[in-house]
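Residues per chain are reported as follows:
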Amino acid sequence: MRLLSRIRSLRRPLLEATAHCDLPCGVYDPAQARIEAESVKAIQEKYQANEDPEFRTRALLIKEQRSELVKHHLWVLWTDYFKPPHFEKYPELHDLFNRATKAAGASGAKGSMDPAKGQELLDLIAQIDKIFWETKAAA
């Protein structure tokens with residue numbers, strides 16, 4: 001019985017899969033970060049237009065959660081999608097991601113209720129998005 005098991009295991013085909021990213025392409029997209037950043041900016045705008053302290057407290061909490069999601073989605077792109085050849089072709093990419101994640105953090109949109117901070121974050125994500133789609137077109 002044991003010999004039969006070994007023979008069967010030897011007959012199984014070996015599968016090999018390769019990809020330039022962790023999973024087949026199509027799972028990464030800066031749109032996820034952009035959507036969350038749009039929510040951050042919208043919350044900042046609604047906060048400015050409303051004087052109700054309970055509404056403002058809830059807006060602060062939700063904005064902080066959304067800002068964390070922006071950072072998460074950016075980090076996934078930065079660490080999982082973009083590879084050394086991308087950073088060689090786009091030397092500004094590391095700095096761009098650093099500035100974008102900081103713009104989503106405490107010194108940026110997460111720590112401010114100013115919609116201008118939300119727009120700064122969206123502008124940085126737009127730059128990342130442009131490079132991302134250039135790399136996808138080249139793949």
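Residues numbered from 1 in each chain as written. Predicted model: local features only at pLDDT ≥ 70, side-chain atom pairs only at ≥ 80, totals over all residues. Heavy atoms only, no water.

By the naming in an unreviewed UniProt entry, the protein chain is Nickel superoxide dismutase, taken from Saccharothrix texasensis.

## Details of helix α6 (residues 115-138)
The end-to-end C-alpha distance of α6 is 35 Å, a good match for the 34 Å that 24 residues give at a rise of 1.5 Å each. By the burial criterion, the buried members of α6 are Pro115, Gly118, Leu121, Leu122, Leu124, Ile125, Ile128, Ile131, Phe132 and Thr135. Buried residues in α6 make contact with α2 (31-48), α3 (53-81), α4 (84-89) and α5 (93-104). The backbone nitrogen of Ala116 lies 3.0 Å from a side-chain oxygen of the residue at the head of α6, namely Asp114. (Helix = DSSP H or I, 4+ residues; strand = E, 2+ residues; numbered from the N terminus. Expected span 1.5 Å × (residues − 1). Buried < 20%, exposed > 50% of the residue type's maximum accessible area, 1.4 Å probe, protein only. Contact = heavy atoms within 4.5 Å. Polar contact = N/O pair within 3.5 Å; in protein donor to acceptor, adjacent residues only side chain to side chain.)

## A word on the packing of α5 against α6
Interhelical geometry of α5 versus α6 gives an angle of 150° and a closest axis separation of 9 Å. Considering only the axes of α5 and α6, their crossing is left-handed. Of α6, the residues touching α5 (which contributes Leu93, Leu96, Phe97, Arg99, Ala100, Ala103 and Ala104) are Leu121, Leu124, Gln127, Ile128 and Ile131. Taken together, the residues of the contact of α5 with α6 break down into 10 nonpolar, 1 polar and 1 charged. (Axes fitted to C-alpha atoms, helices over the stretch in contact; angles between N-to-C directions. Left-handed = near helix turned anticlockwise from the far one by under 90°. Nonpolar A, V, L, I, M, F, W, Y, C, P; charged D, E, K, R; others polar.)

## Here's the deal with the environment of Lys130
Within the secondary structure, Lys130 is located in helix α6. Spatially, the C-alpha atom of Lys130 lies 9.3 Å from that of Pro30, the residues being 100 residues apart in sequence.

## Re the pattern of salt bridges
The final tally for this structure, using the stated rule, is 7 salt bridges. Ionic pairing is found between Glu68 and Lys110, a salt bridge with its closest N-O pair at 2.6 Å. With Glu68 in helix α3 and Lys110 in the loop between α5 and α6, this pair connects stretches of sequence that are 42 residues apart. A residue is classified by how much of its surface remains accessible, and Lys110, at 22% relative accessible area, is partly exposed. A salt bridge links Asp95 to Arg99; the nearest nitrogen and oxygen atoms lie 3.0 Å apart. On the criterion of helical spacing, the pair formed by Asp95 and Arg99 is a turn pair, its members being 4 residues apart in helix α5. On the basis of relative accessibility, which here comes to 38%, the residue Arg99 falls in the partly exposed class. One network of salt bridges, with partners in common, ties together Glu68, Lys71 and Lys110. (Salt bridge = Lys/Arg side-chain N within 4 Å of Asp/Glu carboxyl O.)

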